[in-house]
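Fold and geometry: a report
The lines below spell out each chain.
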Amino acid sequence: MAELAALPFWAVMALAIGVALFIDRCWGEPPARWHPVVWMGHYLGALGRRIAPVMGGPAAGAARSFVAGALAWVVGALLVVVIAFAATRAVSGWPVWLQALALGVLLKPLLAWRMLRDEVRAVEACLGASLAQGRARLAWLVSRDVNVLDAAQVRESAIETLAENLNDSVVAPLFWFAVAGLPGAALYRFANTADAMWGYRGERQGRDWTWAGKWAARADDVLSWLPARITAVLLAGLDGRGGAVRWRQVRAQAGLTPSPNSGWPMAAMALALDVRLAKPGVYTLHPAGRSPQAADTAQALRLAGRVVGALALLAGVVGLVAAVSLGARLKVLA
């Protein structure tokens, strides 16, 4: 009877997602000293100084740099997966409600909606004060040279970052949690962090990442492929304009970016808002759209919030269905 009364693990995972999103909404990020993504960054920073050759220094062969980067990535990925698996096993014998709570607490640092929302809001607020302040705040979010951007381009960059990181920081971690539990979410966050720190073509911070970061970049491409498209579907479906955003338009615009993934949520966002989003000299999404205004940033945040809300609602419905099913079984047994 105890086995029948137990909720299935997929229901526990759904409840954990609800817990994680609730914690994120109420409290945001944990302190840096307790943040697993910060720990991942420390590992990647320390290893990065060993695998990527210094620009202008002794040349390192492409094969040697690639293998070193791949091995460092694999070791780090195995480490985070083993730790996440051990944590999952440690709570597996707990009562169902406590398992869901513990997994939600452990999942929360692997997603970051509130921080993303607040940072994009801060860019818009600073831009309202002055272009210089807007540029300075945007520099916290992007790696491009912000000093050459005008006000419209600052706003475009902020909206692009919101769309891209809606996938990287929310949808993709939750997708991999649903597929492979806490180890899946941890692996994705490690891969995405490694891509952010290593996945560059050429020079970054005085080192050549052309080959040293190639494995990290490709691994993130693979793990983000399906979640990026799911994010685009959610943005297009929740745009509030009665299906005005057509999938074929999103697909056509997404192909204009050099990334196989980031163009999808950015294109869906551009079309949903009917604005132009561009990276000078690289791509222009929805060129027929208008230049974004402050109201468009607010609308982009509302649309992204709808996506997060839909995911929370889905998790809640799954948990409710499982609870109702459990109640029905217990009634039959009684």
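Counting restarts for each chain, with residues numbered from 1 along the sequence as it is written. Residues qualify for local features only when their pLDDT is at least 70, as the model is predicted, and side-chain atom pairs are given and counted only at 80 or more; totals for whole chains, interfaces and linings, by contrast, use all residues. For side-chain calculations, the full set of non-hydrogen atoms in the structure is used, while hydrogens and water are omitted.

1. Remarks on the overall build of the protein chain
Put simply, the test is: For helices the rule is a DSSP run of H or I covering at least 4 residues; for strands it is a run of E covering at least 2, with both sets numbered from the N terminus onward. Using C-alpha atoms as the atom set, the radius of gyration is obtained and then compared with a globule rule of 2.2 Å times the number of residues to the power 0.38. Exposure categories follow from relative accessible area, calculated using a 1.4 Å probe and restricted to protein chains: below 20% of the type maximum is buried, above 50% is exposed, and the middle band is partly exposed. Contact criterion: two residues are considered in contact whenever any of their non-hydrogen atoms come within 4.5 Å of each other. Accessibility throughout is a Shrake-Rupley quantity obtained with a 1.4 Å probe, and a residue counts as covered only by protein chains that appear here.
When you go through the protein chain residue by residue, the secondary structure sums to twelve helices and four strands. The C-alpha radius of gyration computed for the protein chain amounts to 21 Å, which stays within 12% of the reference 20 Å derived for 334 residues, consistent with globular compactness. Within the protein chain, the proportion of its 334 residues that are buried is 46%. Across the protein chain, contacts joining residues at least 24 apart in sequence account for 70% of those joining residues at least 6 apart. As displayed, the protein chain has an accessible area near 16,100 Å², and 65% of this comes from carbon and sulfur atoms.

2. As for a nonpolar patch on the surface
Using the following cut-off: Only residues whose relative accessible area exceeds 30% and that form no salt bridge are eligible for patches; like-charged ones are grouped when within 9 Å, while nonpolar side chains (Val, Leu, Ile, Met, Phe, Trp, Tyr) are grouped when within 5 Å. Only one rule defines a salt bridge in this text: a Lys or Arg side-chain nitrogen within 4 Å of an Asp or Glu carboxyl oxygen.
On the surface, Val-74, Leu-78 and Trp-215 cluster together into a nonpolar patch covering about 260 Å² of accessible area. Mapped onto the elements, Val-74 comes out in helix H4 (residues 62-91).

3. Thoughts on the confidence of the model for the protein chain
Definition in use: The pLDDT value tells you how sure the predictor is about a given residue, anywhere from 0 up to 100.
For the protein chain, per-residue confidence averages 91 on the pLDDT scale, and residues scoring 70 or more make up 91% of the total. Under a pLDDT of 50 for its full length, residues 1-5 has, in the predicted model, six contacts with residues more than four places off or in other chains.

4. A closer look at the packing of aromatic side chains
Stated precisely, the cut-off is as follows: Ring pairs shown here join Phe, Tyr and Trp side chains whose ring centres sit within 6.5 Å, with only the six-membered ring taken for Trp; geometry is labelled stacked below 30 degrees between planes, edge-to-face above 60, and tilted in between. Each ring is checked for a lysine NZ or an arginine CZ that lies within 6 Å of its centre and within 35 degrees of its normal; such an atom marks a charge sitting over the ring.
Applying the stated criterion across every chain, the model contains eight aromatic pairs. With a centroid separation of 6.1 Å and an interplanar angle of 80°, the aromatic rings of Phe-22 and Trp-27 are classed as edge-to-face. Judged by relative accessible area, which is 60%, Trp-27 ranks as exposed. Ring pairs connect the aromatic residues Tyr-43, Phe-66, Trp-73, Phe-190 and Trp-215, which therefore count as one cluster. Taking NZ or CZ as reference, Lys-214 lies 5.1 Å from the ring centre of Trp-211, over its face. Seen from the ring of Trp-225, Arg-229 lies directly overhead, with NZ or CZ sitting 4.0 Å from the centre.

5. Quick look at the packing of H4 against helix H9 (residues 214-237)
Stated formally: Fitted lines through C-alpha atoms serve as axes, helices being fitted only where they are in contact, and the angles separating the N-to-C directions of these axes extend from 0 to 180 degrees. The cut-offs work like this: below 35 degrees is roughly parallel, past 145 is roughly antiparallel, 65 to 115 is roughly perpendicular, and the gaps in between are oblique. Each residue is assigned to one class: nonpolar for Ala, Val, Leu, Ile, Met, Phe, Trp, Tyr, Cys and Pro, charged for Asp, Glu, Lys and Arg, and polar for all the others, Gly among them.
Close contact between H4 and H9 brings their axes to 7 Å; oriented N to C, the two are set at 50°. Put simply, H4 runs oblique to H9. From H4, Phe-66, Ala-70, Trp-73 and Val-74 reach across to H9, where they touch Lys-214, Trp-215, Ala-216 and Ala-219. Looking at the contact of H4 with H9 residue by residue, the class counts come to seven nonpolar, no polar and one charged.

6. What to know about helix H5 (residues 96-107)
Put simply, the rule reads: By this rule, a helix spans an expected 1.5 Å times one less than how many residues it contains.
The terminal C-alpha atoms of H5 lie 16 Å apart, and with twelve residues this matches the ideal 16 Å at 1.5 Å per residue to within 8%. Structurally, H5 contributes buried residues whose contacts are with helix H2 (9-27), H4 and helix H8 (151-198).

7. Description of the pattern of salt bridges
This structure, assessed with the given rule, holds eleven salt bridges. A salt bridge links Glu-124 to Arg-155; the nearest nitrogen and oxygen atoms lie 2.8 Å apart. Of this pair, Glu-124 sits in helix H6 (residues 113-129) while Arg-155 sits in helix H8, and the two are 31 residues apart along the sequence. Each member of the pair, Glu-124 as well as Arg-155, is classed as buried. The partner of Glu-160 in a salt bridge is Arg-144, with the nearest N and O atoms 3.1 Å apart. Of this pair, Glu-160 sits in helix H8 while Arg-144 is found in the loop between helix H7 (131-138) and H8, placing the two residues 16 residues apart along the sequence. Through salt bridges that share partners, Asp-24, Glu-29 and Lys-108 make up one connected network.

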